[in-house]
Amino acid sequence: QVQLVESGGGLVQPGGSLRLSCAASGSIFSINAMGWYRQAPGRERELVASITSGGSTNYEDSAKGRFTICRDNAKNTVYLQMNSLKPEEKAVYYCNTKLITRTTSGTYLEVWGRGTLVTVSS
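Below: a short report on this structure. Worth saying up front: this structure is predicted, and the values here are computed from it rather than measured.

Here we take up the overall build of the protein. Helix and strand counts for the protein stand at zero helices and 11 strands. Along the protein, helices and strands appear, N-terminal first, in the series β-β-β-β-β-β-β-β-β-β-β. Relative to the compact-globule value of 14 Å for 122 residues, the protein shows a C-alpha radius of gyration of 14 Å, a close match. In terms of overall dimensions, the protein has C-alpha extents of about 50 × 25 × 25 Å along its principal axes.

Written out as structure tokens, the structure is:
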């Protein structure tokens with residue numbers, strides 16, 4: 001019904017940058033929010049950054065000042081620009097969206113992408 005396609009992960013050296021993208025497609029009436037989560041080995045999945053349809057953003061504390069999330073509402077796409085990456089930020093990054101489907105009554109869904117691996121290593 002709704003799919004998320006993530007891209008942009010890969011290998012980067014400490015201090016380097018990556019830009020993740022996530023495009024939502026399918027029977028979408030509206031998207032309330034989109035965001036990026038990450039999960040490292042032995043760690044809980046945590047919110048990295050999120051953005052609402054109105055443009056309000058929220059960042060994990062360590063990401064503030066280095067990461068930037070933005071959204072193209074027309075394309076149902078969210079981006080995460082990650083600068084000055086640290087080794088401890090190696091993780092699988094998952095796109096998440098909260099939306100209402102295009103149905104007669106409307107159905108609220110939370111959809112997860114399959115994840116994209118970000119490796120920060122010298």
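On we go.
Let us look at the state of the cysteines. Tallying each qualifying case throughout the model produces one disulfide. Here C22 is linked by a disulfide to C95, with a sulfur-sulfur distance of 2.0 Å. One quick way to see it: the torsion about the S-S bond of C22 and C95 is about -85°, and its sign makes the bridge left-handed. Taken together, the positions of C22 in strand β3 (residues 18-26) and C95 in strand β9 (residues 91-101) put the pair 73 residues apart, joining distant regions of the chain. With respect to burial, C22 and C95 carry one shared label: buried.

This brings us to the pattern of salt bridges. Inspection of the entire model under this criterion finds five salt bridges. Connected via shared salt-bridge partners are R38, E46, E60, R66 and E89.

Strand pairing in a sheet is mediated by backbone hydrogen bonds. Such pairs are either parallel or antiparallel. Read across the open sheet, the four strands follow the order β1-β3-β8-β7; overall the sheet is antiparallel. Each edge of the open sheet carries a strand with a single partner, namely β1 (2-7) and β7 (67-72). Averaged over all pairs of adjacent strands, the angle between strand axes in this sheet comes to 15°, irrespective of strand direction. Strand direction decides the pairing type here: β3 and strand β8 (residues 77-82), joined by six bridges, are antiparallel. Across the sheet, the residue bridging to R19 is Q81, located in β8.

By the criterion of burial, β9 is predominantly enclosed, with eight of the 11 residues buried. Examined bridge by bridge, strand β4 (residues 28-39) and β9 share 10 bridges and lie antiparallel to one another. Along β9, the bridge assignment pairs I28 with T101. In this structure, β9 lies alongside strand β11 (residues 116-120), joined through three bridges in antiparallel fashion. Bridging across to β11, V92 finds its partner in L117. In the sheet, β9 pairs with strand β10 (residues 108-112) via five bridges, with the strands oriented antiparallel.

Right, let's talk about the packing of aromatic side chains for a bit. Evaluation of the coordinates by the stated rule reveals one aromatic pair. Ring geometry for Y37 and W112: centres 4.9 Å apart, planes at 65°, overall edge-to-face. With Y37 in strand β4 and W112 in strand β10, this residue pair connects regions lying 75 residues apart in the sequence. Given a relative accessible area of 34%, W112 falls into the partly exposed group. Above the face of the Y94 ring, R45 is positioned so that its terminal group lies 3.8 Å from the ring centre. Sitting over the face of the ring of W112, R45 holds its NZ or CZ atom 4.7 Å from the ring centroid.

Thresholds applied
Residues numbered from 1 in each chain as written. Predicted model: local features only at pLDDT ≥ 70, side-chain atom pairs only at ≥ 80, totals over all residues. Heavy atoms only, no water. Helix = DSSP H or I, 4+ residues; strand = E, 2+ residues; numbered from the N terminus. Rg over C-alpha atoms; globule rule 2.2 N^0.38 Å. Disulfide = S-S within 2.5 Å. Buried < 20%, exposed > 50% of the residue type's maximum accessible area, 1.4 Å probe, protein only. Salt bridge = Lys/Arg side-chain N within 4 Å of Asp/Glu carboxyl O. Pairing = 2+ DSSP bridges. Axes fitted to C-alpha atoms, helices over the stretch in contact; angles between N-to-C directions. Phe/Tyr/Trp six-rings, centres within 6.5 Å; stacked < 30°, edge-to-face > 60°. Lys NZ or Arg CZ within 6 Å of the ring centre and 35° of its normal.

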